[in-house]
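The lines below spell out each chain.
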Amino acid sequence: MIRIDQAAYSSPWYSFHPAVKLGLVAASLLLVLALDTEIISISVLLSMSLLVILAARVSWRFYLNLMLIPLCFLVAGCAAVAVTNSIQPHGLWPAVYAGGLWWGISDGSWHQAQALMLRCLACVSAMYLLALTTPVVQLVYVMRMLKIPDVITDLTGLIYINIFTFLQTAQDIYIAQQSRCGYRGFKGQFSSLSALVSNLFLKNLHRTSACYDGLLARGFNGSLEVLEEPYIFKPVHLAAVSIFISSLLMIYFYGGRYAA
Amino acid sequence: MTLSFGMHIMEGFLPLGWAVAWFGLMLPFLYLSIVRARRLIADNPRALLLLAFAGAFTFVLSALKLPSVTGSCSHPTGMALGAILFGPTAMVLIGLIVLFFQALLLAHGGLTTIGANVVSMAVVGPFVAYGLYALLKKTRLPHWVAVLSGAAVGSLATYVVTALQLALAFSGGAEGFYAAFIKFSGIFAVTQVPIAIVEGILTVLVLDLLWAYNRNEVESLKDLRTGGEQA
């Protein structure tokens, strides 16, 4: 039902050690944000997109769709950064006078918005590499490795499982409502949606109680003990990640010389 | 896949310094929330499942579409409803996990901006919503007024804090912080103000249905709200 999740489970990278995958993505995110130069953003965007499409075998059409999701925020946010103000109209285009200041796009703000857009796209592509190759269960495993409080890891695991039954319930209710002429008109949208939400709440609260009874009958005492799948750790993967990171650093330190 | 116009700050939008700063600001609230969750679970293991229920419920709400007002596709944050049902302290921990899933499964928000998003959506939003709701409930105003204003103002507070976060991060150069804040809040007001009102109305309708037919079930969540003191 959630296509990103489905892709993560069927990914060729599924059996790779999750800590290595997370390490690659976390290091890329950190480098993009810390170095904050266009050449690094472009390198990460290109390499992550290539990895997603060629190595992780996600169809480019689906990947492009995913990249479009944050587009609204990206465009609005970058537009807000591109528009700047000044006490005089010089260097602004189109210089509009409002509220005691001149507003418009200047050279500096245009470049800032451009760099920001590239940085966001680079970070989003890196995040997608993680989301499309690493199921949440594997991330919970890494969280346990990192000694993140067990309340968080237990809840993450439980919420993840619940999400799918909840979504299924919501979808069933939605279909039932649609087939009985729900969501007609403005008022109908509100009444149908609120009926859906309150029924979703009740149905799943009952399910949660039943689940608790079931766990209690099996000796539940507040923490969930699960068997972890063994992951194969290959030194080659670690080497590949370090080569990738060091080449990004090389680009940063030596690439700028020729670009400028 | 649909375009979404939520107020989640997207991945990579905040510079490293601000991303770390907001993450740091989130930690004390998260600590309080975890300490309380641990105590609740130690008292009664059922609390773990109720918290998981609250989290999944909030996540699924954010995946639903709101009645469209502005033509853009928007979704409820569910944080106000969550704050009234489960209490604002529980919402910090729940909000963190929900935002984590929204980033990974729905591509709303991001991993590096999760601190900033938790502060605006899971700390300020729920606490303002619940605070105002609790305050108005004590007056002689009808109950729905308390719920509506709590949910709508909570949603607006989230939006104002997000605009503040963006303005703080991007207020360099000639323009001051104030001008940047006007700019960001102006751009997002187009969608966020109608959404706040729609979310307020929806919260009233949902709670009405829940209280009218299933008061006992809602009352069974009382421990999560009060921290178990009255249990």
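Anything mentioned here points back to the structure above.
Residues numbered from 1 in each chain as written. Chains lettered and ligands numbered in written order. Predicted model: local features only at pLDDT ≥ 70, side-chain atom pairs only at ≥ 80, totals over all residues. Heavy atoms only, no water.

### Here's the deal with unusual backbone geometry
Across the chain, the bulk of peptide bonds are trans and the bulk of non-glycine residues have phi less than zero. All names here are of chain A. Going by this rule: The helix count covers DSSP runs of H or I at least four residues long, the strand count covers runs of E at least two residues long, and both are numbered beginning at the N terminus. Exposure classes here rest on a 1.4 Å probe applied to the protein chains alone. A residue is buried below 20% of its type maximum, exposed above 50%, and partly exposed in between.
With a phi angle near 50°, Asp36 is a residue other than glycine that sits in the positive phi range. Looking at the element boundaries, Asp36 is found in the loop between helix 2 (18–35) and helix 3 (38–55). Overall, the relative accessible area of 37% leaves Asp36 in the partly exposed class.

### Quick notes on the nonpolar core
Burial of nonpolar side chains together is a common tendency in soluble globular proteins. Our working rule: As used in this record, nonpolar core signifies buried Ala, Val, Leu, Ile, Met, Phe, Trp, Tyr and Cys residues forming a set joined through side-chain atoms within 4.5 Å. For every domain, the bounds stem from an assignment made automatically or drawn from a database. In what follows, residue pairs with any heavy atoms lying within 4.5 Å of each other are defined as contacts.
A:Tyr128, A:Leu132, A:Phe201, B:Phe13, B:Phe57, B:Phe86 and B:Phe101 are the most contacted members of the largest nonpolar core, which has 153 residues in total. When residues of this core are assigned to their parent elements, the largest contribution, 15 residues, is made by helix 4 (residues 88–106) of chain B. Taken domain by domain, the makeup of this core includes at least three residues from each of domain 1 (1–134 + 230–260) and domain 2 (136–229) of chain A. Ignoring sequence-local partners within four residues, the contact set of B:Phe13 consists of A:Phe73, A:Gly77, A:Cys78, A:Leu116, A:Arg119, A:Cys120, B:Thr113, B:Leu166 and B:Phe170.

### A closer look at the pattern of salt bridges
Rule in force here: Here, a salt bridge means any side-chain nitrogen of Lys or Arg that lies within 4 Å of a carboxyl oxygen of Asp or Glu.
Going through the model one piece at a time under the given rule, you end up with three salt bridges over all chains. Notably, a salt bridge pairs A:Asp36 with A:Arg119, separated by 3.3 Å at the nearest N-O pair. Pair noted here: A:Asp36 is in the loop between helix 2 and helix 3 and A:Arg119 is in helix 6 (residues 107–133), with a separation of 83 residues, a long-range link. You can call A:Arg119 buried: its relative accessible area is 4%. Where A:Asp150 meets B:Arg38, a salt bridge forms, and the shortest distance between an N and an O atom there is 3.6 Å. Of this pair, A:Asp150 sits in helix 8 (residues 150–179) while B:Arg38 sits in helix 1 (residues 16–43), placing the two residues on different chains. Looking at A:Asp150, the relative accessible area reads 43%, which means it is partly exposed. Taking the relative accessible area as the measure of exposure, B:Arg38 reaches 41% and is therefore partly exposed.

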